[in-house]
Each structure stands twice: as C-alpha cells, then as structure tokens.
Amino acid sequence: MARLGFLASHGGSGARAIAQACARGDLAAQPAALISNNGSSSALAWAREEGLPAAHLSGTTHPDPDALDTAILGFLRQHSVDIVILSGYMKVLGPKVLAVYAGRILNIHPSLLPKFGGQGMYGDRVHQAVIDAGELESGATVHLVTAGLDEGPVLAQSNVPVLLTDTLEGLRNRVQATEGKLYVKALRRFLDEWERPGS
Ligand SMILES: Nc1nc2c(c(=O)[nH]1)N[C@@H](CN(C=O)c1ccc(C(=O)N[C@@H](CCC(=O)O)C(=O)O)cc1)CN2
Ligand SMILES: NCC(=O)N[C@@H]1O[C@H](COP(=O)([O-])[O-])[C@@H](O)[C@H]1O
C-alpha cells in the first residue's frame with residue numbers, strides 16, 4: 001500500500017480529505033508523515049492529533065536552503081514515503097526532494113493552470129487575479145510537481161463559474177469546495193497507474 005507524505009503550510013485541507021478517503025478505504029494508500037514549514041499550522045496540530053509522524057521543517061529550523069532540502073528528504077525517507085502530497089505548501093521544493101521523488105509529487109493549485117500560476121501566485125492572490133482578469137470560470141488543478149512552479153503535467157481539474165458579483169471570499173469558497181474530491185479523484189487515478197507493474 002502506498003505511503004503518503006504530506007507537506008502543508010496552513011490548514012492542510014487536501015491532506016485531511018485524502019486521509020479521510022484512506023480511512024474509508026476509498027484510496028489504496030496510507031498517510032505516513034506530515035511536514036509543515038509553519039510551526040503553528042493547524043495541519044501540524046491535526047497530524048499530531050492523528051498520531052501521524054510530523055515535523056516543523058522551515059527556513060527557521062534550517063536557514064540554509066540545501067540543509068532544509070536535505071532535512072525534508074530525510075524525514076520523508078525515514079518514514080518510507082512513496083508519494084508526496086503538497087496541500088497548500090507555500091514554499092518551493094528543493095532539487096534533492098525533486099530528484100528522489102521525481103514523478104511522485106502531487107500538488108493542488110486553486111486555478112485552471114496554466115493560467116494564474118507561478119511565482120507569487122498562491123492562496124487569495126490567485127482568486128483576486130482571476131476576478132481582476134474578468135474570467136468567466138475558474139477551478140482547481142492537481143498536477144505533478146517539477147522544478148518550475150506550477151508547470152508540471154496536469155492530472156485533473158475542477159470547474160466553477162465566476163460570477164460578475166463575485167467577491168474574493170465567494171470565489172475562494174466555491175473553488176475550495178471542489179478541492180478535496182478533486183484531489184482524491186486525481187490520487188486514485190495516479191495510484192492506479194503507479195501500482196500497475198512496469199508503469
Ligand atoms: N519546485 C516546486 N515547488 C513547489 C511547487 C512546484 O510546482 N514546484 N508548487 C508549489 C505550490 N504553489 C502553488 O501551487 C506555490 C507556492 C508558493 C508560491 C510562492 O510564490 N511562494 C512565495 C512565498 C510565500 C510565503 O512565504 O508564504 C515565494 O516563494 O516567494 C508559488 C506557488 C509548492 N512548491
Ligand atoms: N499555490 C498553492 C496554493 O495556493 N494552494 C492553495 O492554498 C489553499 C490551502 O488551503 P489549506 O491550507 O486550508 O489546505 C488551497 O486552496 C490550495 O489550493
């Protein structure tokens with residue numbers, strides 16, 4: 001059964017949705033570890049409540065980026081993680097993690113990539129940019145993670161309308177309401193391919 005390593009900066013809603021799907025038997029996977037760059041994140045508190053091995057690893061604990069990259073990789077390997085799940089993780093993954101887990105790191109982004117992705121595009125900044133651009137639709141994207149921000153192959157997307165009267169909160173809530181189900185669907189499809197011999 002695939003072992004999942006979560007990285008989250010805030011609430012980790014995607015990680016929680018996936019962990020609940022694993023507990024229901026809807027995903028052939030099991031949570032194995034969680035890392036947060038935010039020592040006071042509710043994702044870290046949730047992981048500890050769940051008895052999940054959890055660590056605060058960040059620029060505060062490891063000011064040197066290479067040392068942080070090594071520490072993140074070490075924690076993932078210590079817990080025999082097979083697949084890395086980014087769940088609102090707001091930092092760029094380093095080359096060591098990217099190399100060892102190439103093709104096995106998933107992320108969810110709150111726009112229809114490739115639109116509204118890349119440096120500086122995260123959280124509410126994305127939704128505000130969508131509204132400012134006058135887009136008629138938005139959604140979330142699950143993609144494989146590569147060295148470039150939000151540039152990896154798309155695995156799945158959700159679609160929601162953008163209303164002319166939309167506020168930032170209204171659009172955020174409408175997009176976020178699709179994320180948990182989308183992430184579970186994308187991971188199920190990924191696991192089907194990953195577990196097929198020779199895939
Ligand atoms: N190597 C990669 N690392 C990460 C990727 C990726 O595709 N390749 N995805 C991001 C997640 N993400 C959007 O989905 C994202 C996260 C953060 C940023 C960003 O600009 N961050 C700011 C700092 C924000 C903060 O400190 O709170 C920055 O780096 O200046 C853009 C996109 C996760 N990592
Ligand atoms: N570029 C990455 C990004 O913006 N991710 C977004 O951050 C939010 C995290 O919420 P959460 O911490 O409650 O899961 C989610 O909406 C996710 O799509």
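Residues numbered from 1 in each chain as written. Chains lettered and ligands numbered in written order. Predicted model: local features only at pLDDT ≥ 70, side-chain atom pairs only at ≥ 80, totals over all residues. Heavy atoms only, no water.

Where an unreviewed UniProt entry is consulted, the chain appears under the name Phosphoribosylglycinamide formyltransferase, with the organism given as Deinococcus radiophilus. Quoted verbatim from the Function (unreviewed entry) heading of the UniProt record, the comment on the chain is "Catalyzes the transfer of a formyl group from 10-formyltetrahydrofolate to 5-phospho-ribosyl-glycinamide (GAR), producing 5-phospho-ribosyl-N-formylglycinamide (FGAR) and tetrahydrofolate." One UniProt comment on the chain, placed under Pathway (unreviewed entry), says "Purine metabolism; IMP biosynthesis via de novo pathway; N(2)-formyl-N(1)-(5-phospho-D-ribosyl)glycinamide from N(1)-(5-phospho-D-ribosyl)glycinamide (10-formyl THF route): step 1/1." (UniProt positions renumbered as here; feature names shortened; annotations may be inferred.)

Some remarks on the UniProt feature "site: Raises pKa of active site His" (unreviewed entry) in the chain
Sites flagged by UniProt as "site: Raises pKa of active site His" (unreviewed entry) map to Asp-150. If you trace the backbone, Asp-150 turns up in the loop between strand E7 (141-144) and strand E8 (154-157). Judged by its relative accessible area of 15%, Asp-150 falls in the buried class. Not counting the four nearest positions on each side in its chain, Asp-150 is found in contact with Asn-107, His-109, Leu-113, Gly-117, Gly-118, Met-121 and His-143. A distance of 2.7 Å separates the side chain of Asp-150 from the backbone nitrogen of Gly-118, its partner in a polar contact. (Helix = DSSP H or I, 4+ residues; strand = E, 2+ residues; numbered from the N terminus. Buried < 20%, exposed > 50% of the residue type's maximum accessible area, 1.4 Å probe, protein only. Contact = heavy atoms within 4.5 Å. Polar contact = N/O pair within 3.5 Å; in protein donor to acceptor, adjacent residues only side chain to side chain.)

Considering the site of ligand 1
Residues in close proximity to ligand 1 total 21 residues, the closest being Lys-91, Asn-107, Gly-120, Thr-146 and Asp-150. Within the backbone of Gly-148, an N or O atom sits 3.4 Å from an oxygen atom of ligand 1. Compared with its free state, where it exposes 710 Å², ligand 1 has 84% of that area covered by protein. Of the residues contributing to the shell around ligand 1, the split by class is eleven nonpolar, eight polar and two charged. (Near = heavy atom within 4 Å. Areas by Shrake-Rupley, 256 points an atom, 1.4 Å probe, with all protein chains shown as cover. Nonpolar A, V, L, I, M, F, W, Y, C, P; charged D, E, K, R; others polar.)

Here we look at the site of ligand 2
In the vicinity of ligand 2, 14 residues are found, and the nearest of them are Gly-11, Ser-13, Gly-123, Gln-176 and Glu-179. For ligand 2, an oxygen atom lies 2.9 Å from a polar atom in the backbone of Gly-11. When ligand 2 sits alone it has 450 Å² of accessible area, and the protein chains cover 88% of it. Of the residues that constitute the shell around ligand 2, the class distribution is five nonpolar, eight polar and one charged.

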